[in-house]
Amino acid sequence: MQTLTLAQRVVKKDDYVPCAEAFVDTRLPNRDGKLNYCIIGPGVAENSKQHINIVEPHGFNVGGVSLPTGKYNSLHAHETAEVFLICRGDWRFFWGHDGSDGEVVLSPGDVITVPVGCFRAFESVGSDDNFMISFLGEDDSGNVIWENAVIEGAAEFRFYLTKDSKLIDTNAGQELPPKDELMQTLSEDQLLQFHRVSPLEMAARVYNVSKMTGHNNVFGDESIDGGEKTFHAIIGENFTDTKQVKSHVLNPHSFALGAIVAPPNNGFNAHQVDAVQVYVVESGNWLITLEHNDDRLVRELGPEDTVSIPANAIRQIKNTGDSDGILHIVTAGNTAAQLTWI
Ligand SMILES: [Fe+2]
């Protein structure tokens, strides 16, 4: 696989490329208008036309979604972790075999991690100006498992799904494979294998950095100029420096998620991490400096921009705005990444 330059690892919000028919449910009534983005990795997109900004495997996938208010994303389950970071708009998540086990309305800054094997759906309940970033576990996040109504209903609109989750559009002249090569609906017994999740259990899997206190004096650079920050341990094992802080959600996802809140001119001083990381800006403007092998990059980042950072690259990032900024950090793996200050 071609090695990416550091410049190619920065994906600005304006570089995200939407796909309006990424999934088999997009032609069903009230499901149209959904736009899906694959920022890092293919995720679980079913349409071969979906653009992927960064193809290189990271150990997890990063995507995005927006949805007109009043439309919804159908009930489905995943074989790996699925985490959403609400960037814009208000979103109602609901779950269970028929979507009636519980619901929660989330707002910008909220993060939710939906358990593997639980049927979930969501809709926009606020402004049409909405967007969520999504993280899926593992390099291969498997297939989407749709509720039976999607598989049955999509055929009416000449959309079909093969057993390996490839979208077939007979309207566009694609040939319909034999029935035994198509995705089958789930039996009652299979449906019983899926998790039921109580509203209390799901509520414990929601975190909002701007509403929580966070931790100070966690990182080794906090007493040094430019290193002031508050750390939020959201999912899994983040850094060796943060081992004393217990994350909000502990079950393995194949990645960890943390966040920092930094005042102007502060953030991370120069350091290395021995795992691949992705930064996602939630708020504020930041200046990142990266050095890796003979490559060097200095780049401004704004809300919803992402950057992929190779393992062991030297990185520094500072809030260049005039108020606090929030930066989310995704780290590959289920064990704490070794952090080395330069
Ligand atoms: Fe999903």
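In this report, the structure presented in the accompanying data block is examined. (Residues numbered from 1 in each chain as written. Predicted model: local features only at pLDDT ≥ 70, side-chain atom pairs only at ≥ 80, totals over all residues. Heavy atoms only, no water.)

**Some remarks on unusual backbone geometry**
For step 1, the next point in the chain: In the Ramachandran plot, N217 falls in the positive-phi region, its phi being about 55° despite a non-glycine side chain.
For step 2, the next point in the chain: Looking at the element boundaries, N217 is found in the loop between strand 15 (206-208) and strand 16 (230-235).
For step 3, the next point in the chain: Residue classification places N217 among the exposed residues on the basis of a relative accessible area of 65%.
For step 4, the next point in the chain: With a phi close to 70°, N312 is a non-glycine residue in the positive phi region.
For step 5, the next point in the chain: Within the secondary structure layout, N312 lies in the loop between strand 22 (306-309) and strand 23 (314-319).
For step 6, the next point in the chain: Overall, N312 belongs to the partly exposed group, its relative accessible area being 42%. (Helix = DSSP H or I, 4+ residues; strand = E, 2+ residues; numbered from the N terminus. Buried < 20%, exposed > 50% of the residue type's maximum accessible area, 1.4 Å probe, protein only.)

**Points about the coordination of the iron ion**
For step 1, the next point in the chain: At the metal site, the iron ion is ligated by H76 (NE2), H78 (NE2), E82 (OE) and E82 (OE), and these contacts range over 2.1 to 2.6 Å.
For step 2, the next point in the chain: Bound by four donor atoms, the iron ion shows angles of 54 to 156° at the metal and therefore irregular coordination geometry.
For step 3, the next point in the chain: Sequence positions of the donors to the iron ion reduce to the motif H-x1-H-x3-E.
For step 4, the next point in the chain: A residue is classified by how much of its surface remains accessible, and H76, at 4% relative accessible area, is buried. (Donors = N, O, S within 2.8 Å, 3.2 Å for Na, K, Ca; no water. Tetrahedral: all angles 85-135°; square planar, octahedral: opposite > 155°, others 65-115°.)

**Considerations on the side chain of T170**
For step 1, the next point in the chain: Structurally, the position occupied by T170 is in the loop between strand 14 (167-169) and helix 2 (188-192).
For step 2, the next point in the chain: For T170, a relative accessible area of 14% corresponds to the buried category.
For step 3, the next point in the chain: In this view, T170 contacts R158, Y160 and L176; residues no more than four positions away in its chain are not counted. (Contact = heavy atoms within 4.5 Å.)

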